[in-house]
Amino acid sequence: MSFASLGLLDPLLRNLQDLNYQTPTPVQAKAIPVVLSGKDVLAAAQTGTGKTAGFALPLLQRLVQHGPAVSSNRARVLVLVPTRELAEQVLQSFIEYGKGLDLRFLAAYGGVSINPQMMKLRKGVDVLVATPGRLLDLNRQNAVQFDQVQTLVLDEADRMLDLGFARELNAVFAALPAERQTLLFSATFSDEIRAMAARILRSPVNISVSPPNAAASKIKQWVVPVDKRNKPDLFMHLVAANHWEHALVFVKTRNGVDYLAAMLEEAGYSVDTIHGDKPQPARLRALERFKTGAVRMLVATDVAARGLDIDDLPLVINVDLPIVAQDYVHRIGRTARAGASGVAVSLVCADEAPQLAAIEALIRQTLRREEEPGFEAEHRVPETSATGEIIKKPKKPKKPKVSQAAVGAMPVPGKTRSPQDGKSKHKPAMPRAAAEPKGTRSASGSPFSVQKPRGKPAGGRGKRQP
Ligand code: AMP
């Protein structure tokens, strides 16, 4: 099958040729004709499947072929996305696919000044890619009105709900013209997503290109059981021993991100970070440096988990498992994109058994475990199964026989730990900055456990340990 056979116009076909897109991906083959016909779409598609072109190409064509030019402070196509990064990325896709067409595009998201976005909206834009909160801000200030919106796209709808945008989304739906085309893309389908789809879509065409909730099959995945306090040292050990020089590293908290980045830097790696507290320009710069290879290691919280398109990334390392099981699929989806193969390694401690069980239930497979000699977990990670069960209760750890001096170094619940606490005998040289992470460490000694998990435990199917 060719893009031409899907009915796309010459200028779009030329742009695809320039991008060296030879054949449509499955989601593109299914979505492009349907979107061109003006019908609503409910699509189960993960990132990395080519879904952006699946909606952007036919929408560009409809913008060129149909409807009057856009008026000031109006948009004709509205694409809602969960994160700023994804907004920028989708904008870039529209710009690339729509090169040479006389259309205006804008990405609008929070964390940056609203004024330039208001200025650009004055002339009106054909495609507005926005995060829900900023879109409503712009609407309240009359910078954008919705009466000319022909098509609404919800990209990564599951992620938007996970991030708590349900109220904002409802406010946007209420303000849009009833007569419109709506496209909903989601990697996973909870009851909440289905209910939303039922409310906002009209006789949608269902498109599914890979079983929802399944992890990309080309990714080699395994788990390394380890005690929480030894995670940083094991991470550094694995990186050095395996000569891992190019990786996206996920950590639960901002403090954990800064801590690991400092360790890597100290050990001579080129590294940058992305987390929610970093100003948007710095986040985009970090991503750009990672994409171009200027830095080889990017340490991030789940802000970076979804939607980011990074070519040829061989390795994803989860130093902490995500709280929401679906985020595991999104994290490891950063590798093995566009048909390549990849590796995803997760360091898992006993506390994370419920998250592990929920992830395994979601991806319908039990992840292989590989202990690293010298880092065997004292607190055994309970066995889990692909049905989401934790099979056995963990054995009570034996009381270690310790000398009086060592007792002084044991973590005391509720007490802020000293920088030297909780290190294993495999301790790498610890940078000063890393030894003083922002926030208070937990009593268990992990620098990554300073934030309480948000929301319910991943997937909710695994039983909590006693
Ligand atoms: P997406 O799932 O939309 O984030 O796209 C994933 C990656 O696949 C991006 O790098 C796209 O540029 C690339 N891509 C999308 N469609 C095609 C295609 N038909 N041929 C080759 N690469 C593609």
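Cut-offs applied
One numbering rule holds for all chains: residues counted from 1, following each sequence as written. A pLDDT threshold of at least 70 governs which residues receive local features in this predicted model, and a stricter bar of 80 or more applies before side-chain atom pairs are shown or counted, although totals over entire chains, interfaces and linings include all residues. Hydrogens and water are ignored here; the side-chain numbers use all heavy atoms of the structure. A pair of Phe, Tyr and Trp rings is counted when the ring centres sit within 6.5 Å of each other, with Trp represented by its six-membered ring. The angle between the planes then sorts it: under 30 degrees is stacked, over 60 is edge-to-face, the rest tilted. Strands here are runs of E lasting at least two residues and helices are runs of H or I lasting at least four, both read from the DSSP assignment and numbered beginning at the N terminus. Only protein chains enter the accessibility calculation, which uses a 1.4 Å probe; a residue whose area is less than 20% of its type maximum is buried, one above 50% is exposed, and one in between is partly exposed. To define a nonpolar core, start from buried Ala, Val, Leu, Ile, Met, Phe, Trp, Tyr and Cys residues and group those joined through side-chain atoms within 4.5 Å. The contact definition used throughout considers only heavy atoms, calling two residues in contact when any of these lie within 4.5 Å. Here a strand pair is declared whenever DSSP counts at least two bridges between the two strands. Fitted lines through C-alpha atoms give the axes, limited to the stretch in contact for helices. The angle between two N-to-C directions lies from 0 to 180 degrees. One side-chain nitrogen of Lys or Arg within 4 Å of one carboxyl oxygen of Asp or Glu is enough to make a salt bridge.

**Some words on the packing of aromatic side chains**
Two descriptors summarise a pair of aromatic rings, namely the distance from one centre to the other and the angle between the planes of the rings. Counted under the stated rule, the structure contains four aromatic pairs. Centroid distance F55 to F94: 6.3 Å. Interplanar angle 50°. Geometry classified as tilted. Remark: F94 occurs in helix α4 (residues 84-97) and F55 occurs in helix α3 (residues 51-65); sequence separation between them is 39 residues. The class of F55 is buried, set by a relative accessible area of 0%. According to the relative accessible area criterion, F94 is buried, its value standing at 0%. Seen in terms of ring centroids, F94 and F105 are 6.0 Å apart; in terms of plane orientation they differ by 35°. Their pairing is tilted. Pair noted here: F94 is in helix α4 and F105 is in strand β3 (residues 105-108), with a separation of eleven residues, a long-range link.

**Some details on the nonpolar core**
One broad trend across soluble globular proteins is that nonpolar side chains are buried collectively. Counting residues in hydrophobic clusters, the biggest one holds 42 residues, and the most contacted among them are L8, F55, L57, V79 and F94. When residues in this core are grouped by element, the largest group, seven residues, is from α3. Apart from residues no more than four positions distant in its own chain, F94 is found in contact with F55, A56, L60, V79, F105, V127 and V129. Residues A108, L121, L184 and A197 belong to the second largest nonpolar core, which totals 37 residues.

**Some words on the sheet that holds strand β10 (residues 271-274)**
Spatial ordering of the open sheet is given by β10-β11-β9-β12-β13-β8-β14, a layout of seven strands whose pairing is parallel. Among the strands making up the open sheet, the edge pair consists of β10 and β14 (368-369). Sheet topology note: the strand β12 (residues 315-318)/strand β13 (residues 342-348) ladder contains four bridges and is parallel. By the bridge assignment, N318 is partnered in β13 with S346. Sheet strands in contact with helix α13 (residues 325-332) are β8 (219-225), β9 (247-250), β12 and β13, and its direction is about 150° off that of β12.

**Examining the pattern of salt bridges**
If you walk through the whole model with that rule in mind, you get 18 salt bridges. Linking K51 and D155 is a salt bridge whose minimum nitrogen-to-oxygen distance equals 2.7 Å. Here D155 lies in the loop between β5 (151-154) and α7 (157-162) and K51 lies in helix α3, a separation of 104 residues in the sequence. The same class applies to K51 as to D155, namely buried. Within this structure, K51, D155 and E156 form a network of salt bridges that share partners.

**Regarding the sheet that holds strand β6 (residues 181-186)**
If you walk across this open sheet you meet the seven strands as β3-β4-β2-β5-β6-β1-β7, and the pairing is parallel. Edge positions in the sheet fall to β3 and β7 (205-208), since each has one partner strand and no second. The average angle at which neighbouring strand axes cross in this sheet is 15°, direction not considered. Pairing of β5 with β6, which is carried by four bridges, proceeds in the parallel orientation.

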